[in-house]
Each structure stands twice: as C-alpha cells, then as structure tokens.
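# Chain and residue survey
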Amino acid sequence: MNISEKADRKSRRFYYIKLCIFLSGLSVFAQLYLFQPLLPMVAENFHTTVGDSSLLVSSSTIGMALGLFFFAFRADSFSRKKLMVFSLIVSAILTIISTWIPSLTLLIIIGMVKGFVISGVSSVALAYLTEEVEISVMALAISMYLSGNTIGGMSGRILATLLAGEFGWRNAVLMIGIQSLILGLVFWKLFPNSIFFKPQKTDYHLKMKQMKRLIRDSYMLRLYFIAALLMGTFVSVYNYMTFRLESEPFSLSHVFIAFIFLMYTFGVLGTMITSRLSARFEKKYILKGSIFFLLTGLVLLFSENIYIVVFGLGLFTLCFFAAHTMASQMTALHAKEGKSSATSIYWLFYYFGSSFLGSGTGYLLHSTSWNVFIGVLISVIMIAFALTIEHKSLKTE
C-alpha cells in the first residue's frame with residue numbers, strides 16, 4: 001500500500017483510531033495510578049508507612065517497566081490489536097480481583113503483574129500510530145493517546161478519592177475495575193486492525209542490534225533519561241500531595257483533595273498546546289521551555305498558601321505533559337527503524353523513573369520534610385534540563 005492509504009484526518013478509520021487510542025489511554029492510566037490518591041487510607045488500613053504504601057503505585061510501574069522490556073523483544077510477534085485488547089481486558093480483571101485481597105504484600109504482587117500485562121498497550125500504541133496514520137496528523141493522533149492517558153489518570157484519581165470517601169477504598173477499586181473492563185470491550189469492538197504491520201517472527205539478534213544502537217545514540221539516550229527524571233518527579237509530587245494537603249497548614253477534606261486532581265486537565269491542555277506549537281517551532285525549544293516552566297511550578301509548591309500551591313501544581317502538570325508529549329514525539333520520529341523498540345525503551349526508562357523516584361522520595365519525605373522533598377525534586381529537574389543542552393543540543397531529524 002502507498003502512503004496515501006494511511007488514515008487521514010477525514011477518514012472514518014482515523015476517527016475510530018483516535019477514539020479507541022484515547023479510550024486505551026483512559027483505561028491504562030485509570031488503573032495504573034488507581035492507588036495513588038488512596039495511599040493515606042491504605043497506609044492506615046494496613047498500619048504501614050508512607051514509603052511502604054507507595055509500593056502499591058511503584059509495583060505497577062515496575063511491572064510496566066519489566067513488561068516493556070519484554071515487549072521490546074516480542075511486541076512485533078503479536079497482532080497490534082490483539083495484544084492491546086488482551087492487555088486492557090486482563091488488566092481490568094486483575095483490578096477487580098484486587099478488591100478482595102486481604103494482604104498488602106499480595107496486593108503489591110498483583111499490582112506488579114497488572115503493570116506487566118498492561119504494558120502491552122504502551123509498548124505498541126505509538127508504533128501503531130506511526131505505522132497507520134498519515135504524518136500530517138500523527139501529532140494529533142499521539143496527542144489523543146496522551147490526552148487519554150492524562151484524563152484516565154485524572155478521572156481515576158478523582159473517582160477513587162470520591163468513591164473511597166463514600167464507600168471505602170476497596171469498593172472504589174472494584175468500580176474502577178468494572179469501568180476499565182467496559183472500556184476494554186469497547187476497544188475490542190471498534191479499534192481498526194493494522195494494515196501496514198503484520199506479526200513477524202522475532203529476530204532476537206536484530207532486536208539486540210537495534211536496542212544497542214538506540215542506547216548508544218546520545219540523542220535517544222538523553223531523551224530516555226529526560227523521560228525517567230520527569231516522570232519520577234511527576235509521580236513523586238502526586239503520590240504525596242494528598243498527604244501534604246491532609247496535614248497542617250491545609251487540613252483539607254477528601255472531597256476538596258479529589259478535585260485537586262482536576263489539575264490533570266492542564267495536562268490535556270499541555271498536549272494540545274504542544275501539538276500546535278510543534279508545527280511552528282523546533283521541537284528542542286519546546287522541550288526546553290516546557291522543562292523550564294515545569295521547574296517554576298515546582299518551586300511554587302514550597303508555599304503554604306493553598307492558592308499558590310494550586311497554581312503551581314497546575315503549571316507543573318501542564319508543563320510535564322507538554323515536555324512528555326514532545327519527548328515521546330521526538331523519540332518516535334527519530335527512530336527510522338525499530339520503532340517499537342525505540343518507544344518501548346522510552347517507556348522502560350519512563351516507568352523505572354516513576355518506580356524508583358516515586359518510592360524513594362516517599363522514604364525521603366517520611367524521614368525529612370516537605371521542603372527537603374521539593375528541593376530534591378528541583379535538583380532532579382535541573383539535571384533533566386541540563387540533558388537538553390549538554391554536548392550537542394537536541395534536535396529533530
């Protein structure tokens with residue numbers, strides 16, 4: 001098939017791709033960070049520490065990272081659609097099962113398995129879009145996927161907080177699991193099969209060569225580390241913001257805290273702004289600007305004024321998603337071959353950053369203070385910014 005037969009803006013196929021890729025992101029991130037706003041309740045229920053309870057989030061993201069490493073080798077052996085459908089439906093079933101698990105340790109293990117399963121979506125979603133969608137609307141398609149991630153993360157956190165406040169955290173988990181199962185079934189019914197990709201036997205030697213080449217590519221390696229540092233910082237802030245807002249000087253109720261997660265709407269705005277700006281400006285400048293203003297939002301989180309904190313969190317969230325959207329686009333576009341390997345490695349770094357920084361900063365917060373916690377995160381973001389300018393400037397090829 002020639003390039004003109006790829007899905008374009010006006011085609012019905014592109015409409016279903018946009019809708020379903022959005023729904024997949026919605027399901028993945030509603031489940032992946034389901035426990036994030038519930039950590040105080042879980043810590044109280046299991047009589048454990050802030051850092052230990054955060055393992056419920058980190059276990060899922062570690063599982064995701066391990067799954068992405070596995071699928072970096074095996075993703076091209078499976079039908080894109082079948083892999084994504086399997087991941088969405090099985091992960092939803094695991095979320096539902098989590099409702100009745102009495103042990104924190106077992107809950108953490110199930111979270112890791114769920115993260116591994118659900119990685120099947122992230123490992124091929126961007127590769128599918130670059131294969132099936134015309135280049136002129138690829139940025140829009142990627143933005144739809146990342147917007148689904150954003151809204152899924154936001155709605156999952158808000159619903160979990162509100163439902164847990166009314167019905168208990170276990171019933172909140174059950175309801176979100178059922179919602180995710182429904183989304184998976186809709187995806188199965190409507191998502192178009194691949195036209196430009198056919199499953200192929202994995203050539204492990206070729207995959208290793210591709211991955212070695214990607215890791216040795218300074219351009220890609222810096223993007224991967226930027227993804228890890230940004231995501232680790234983002235998860236750290238949202239993991240422990242609930243603890244911060246429940247305590248002095250804020251002492252907010254669970255209802256008000258739930259709506260703090262509406263800040264994720266700024267994430268949607270960030271992906272949309274980035275999509276538009278990328279057509280007018282060099283991507284390296286958009287990435288640098290996003291990280292710089294993200295740092296500004298982080299500094300505002302030192303404040304004990306709730307209005308400044310809310311503004312800072314909104315700016316931080318908008319700029320994180322703008323930077324992430326740009327870095328993921330740059331990764332997908334730079335990879336001339338082995339796109340699934342390139343994007344899988346990106347997500348691998350992204351989720352390892354989430355897992356290790358997300359839990360590590362929890363133990364730091366438990367043993368020090370909020371100001372020390374934010375100070376360390378500022379240092380992390382300064383390293384990410386330095387990676388955009390070290391040696392040769394990042395540029396899009």
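Quick caveat, the model's predicted, so the values are computed rather than measured. (Residues numbered from 1 in each chain as written. Predicted model: local features only at pLDDT ≥ 70, side-chain atom pairs only at ≥ 80, totals over all residues. Heavy atoms only, no water.)

## What about the overall build of the chain?
Here is the rule: Per the convention used, a helix needs a DSSP run of H or I reaching at least four residues, while a strand needs a run of E reaching at least two, with both numbered from the N terminus. With C-alpha atoms as the basis for the radius of gyration, the globule rule is written as 2.2 Å multiplied by the number of residues raised to the power 0.38. We call a residue buried when its accessible area falls under 20% of the maximum for its residue type, exposed when it is over 50%, and partly exposed in between, using a 1.4 Å probe and counting protein chains only. When checking whether two residues touch, look at their non-hydrogen atoms; a contact exists if any pair is within 4.5 Å. Shrake-Rupley sampling with a 1.4 Å probe provides the accessible areas, and residues are treated as covered by the protein chains on show and by no other component. As used throughout, the charge tally considers Lys and Arg to be positive and Asp and Glu to be negative, leaving His and the chain termini uncounted. Each charge is placed at NZ for Lys, CZ for Arg, CG for Asp and CD for Glu.
In terms of regular secondary structure, the chain is built from 16 helices and zero strands. In summary, the chain has a C-alpha radius of gyration of 20 Å against a globular reference of 21 Å for 397 residues, a match within 12%. With respect to the three principal axes, the spread of C-alpha positions in the chain is 60 × 45 × 40 Å. For the chain, with 397 residues in total, the buried portion stands at 60%. The contacts in the chain between residues at least 6 apart in sequence include a share of 85% that link residues at least 24 apart. Surface summary for the chain: the accessible area is close to 15800 Å², and the carbon and sulfur share equals 68%. Across the chain, the mean location of the 32 positive side-chain charges is 8 Å away from that of the 18 negative side-chain charges.

## Let's talk about helix α14 (residues 306-334)
We count it as follows: Expected span of a helix, by definition, is 1.5 Å for each gap between consecutive residues, and there is one gap fewer than residues. Counted as a polar contact is a pair of N or O atoms within 3.5 Å, where, for protein atoms, one must be capable of donating a hydrogen and the other of accepting one, and residues adjacent in sequence contribute only when both atoms are in side chains.
Look at α14: 42 Å from first C-alpha to last across 29 residues, which is about the 42 Å you get at 1.5 Å a residue. Counting buried positions along α14 yields 23 of 29 residues, so the element is predominantly enclosed. You can read the cap of α14 off the contacts: a side-chain oxygen lies 2.8 Å from the backbone nitrogen of Y307, and it is on N305.

## Quick word on the packing of aromatic side chains
Two descriptors summarise a pair of aromatic rings, namely the distance from one centre to the other and the angle between the planes of the rings. The condition that has to hold: Pairs were defined over the aromatic rings of Phe, Tyr and Trp, the Trp ring being its six-membered one, requiring ring centres within 6.5 Å. Orientation was assigned from the angle between planes: stacked under 30 degrees, edge-to-face over 60, tilted for the rest. In this analysis the charged atom, NZ for Lys or CZ for Arg, is taken to sit over a ring once it is within 6 Å of the ring centre and within 35 degrees of the ring normal.
For the coordinates displayed, the defined rule picks out 27 aromatic pairs. Centroid distance F46 to W169: 6.1 Å. Interplanar angle 55°. Geometry classified as tilted. On the criterion of sequence distance, the pair formed by F46 in helix α2 (residues 39-46) and W169 in helix α8 (residues 169-190) is long-range, its members being 123 residues apart. According to the relative accessible area criterion, F46 is buried, its value standing at 19%. Geometrically, the ring pair formed by Y240 and F373 is edge-to-face, given 5.9 Å between the ring centres and 85° between the ring planes. In this pair, Y240 is assigned in helix α10 (residues 218-246) and F373 in helix α16 (residues 370-387), connecting sequence segments 133 residues apart. Across this residue pair, the class does not change: Y240 and F373 are buried. An aromatic cluster is defined as three or more aromatic residues linked by ring pairs; in this entry it consists of F234, Y238, F316, F320 and F321. A cation over a ring is seen here: K6 above F196, with NZ or CZ 5.4 Å from the ring centre.

## Details of the domain arrangement of the chain
To be explicit about the condition: What marks off one domain from the next here is an automatic or database domain assignment. Buried area counts how much accessible surface, traced with a 1.4 Å probe, disappears from two parts once they are put together, with both parts' losses summed. Throughout this description, the term salt bridge denotes a Lys or Arg side-chain nitrogen within 4 Å of a carboxyl oxygen of Asp or Glu.
Along its sequence, the chain is carved into domain 1 (9-194) and domain 2 (203-396). If you look at the interface, domain 1 gives 54 residues, while domain 2 gives 48 residues. Around 4300 Å² of area is buried between domain 1 and domain 2 when both sides are counted, 71% of it from carbon and sulfur atoms. Applying the counting criterion to the domain 1 and domain 2 interface returns zero salt bridges. Our enumeration of links across domain 1 and domain 2 arrives at ten residue pairs in polar contact (both at pLDDT 80 or more). Of all the elements in the fold, those that place two or more residues in the side of domain 1 that touches domain 2 are α1 (12-32), α2, α3 (50-53), α4 (55-74), α6 (104-132) and α7 (138-167). Broken down by element, the side of domain 1 that touches domain 2 gets its largest block of residues, 19 residues, from α7.

## Side note on α6
We count it as follows: Throughout, bend refers to the angle between the axes fitted to the seven residues that end at a position and the seven residues that start at it.
Taking 1.5 Å of rise per residue, the 29 residues of α6 would be expected to cover 42 Å, and the 42 Å separating its terminal C-alpha atoms lies within 8% of that figure. Along α6, the sharpest change in direction is near 35° and occurs at V124. Across the 29 residues of α6, 23 count as buried, placing the element largely inside the fold. For α6, the capping residue at the N-terminal end is S103, with a side-chain oxygen 3.2 Å from the backbone nitrogen of T105.

## Re unusual backbone geometry
Here E248 and P249 are connected by a cis peptide whose omega angle stands at 10°. Tracing the sequence through the fold places P249 in the loop between α10 and α11 (254-260). In the Ramachandran plot, H47 falls in the positive-phi region, its phi being about 55° despite a non-glycine side chain. Residue placement: H47 occurs in the loop between α2 and α3. Exposure remark for H47: the relative accessible area of 72% places this residue in the exposed category. Phi is positive for S251, which is not a glycine, with a value near 50°. Judged by relative accessible area, which is 41%, S251 ranks as partly exposed.

## Topic: the pattern of salt bridges
Proximity of charged atoms lets side chains of opposite charge pair with each other. Summed over all chains, the structure comprises three salt bridges. Between E132 and R13 there is a salt bridge; the shortest N-O distance is 2.8 Å. With E132 in helix α6 and R13 in helix α1, this pair connects stretches of sequence that are 119 residues apart. Residue E132 shares its accessibility class with R13, and that shared class is buried.

## A word on the environment of I306
Turning to its location among the elements, I306 is positioned in helix α14. Taking the C-alpha atoms as reference points, I306 and F292, 14 residues apart in sequence, are found 23 Å from one another. Discounting chain neighbours no more than four positions away, the residues touching I306 are L245, F250 and L252.

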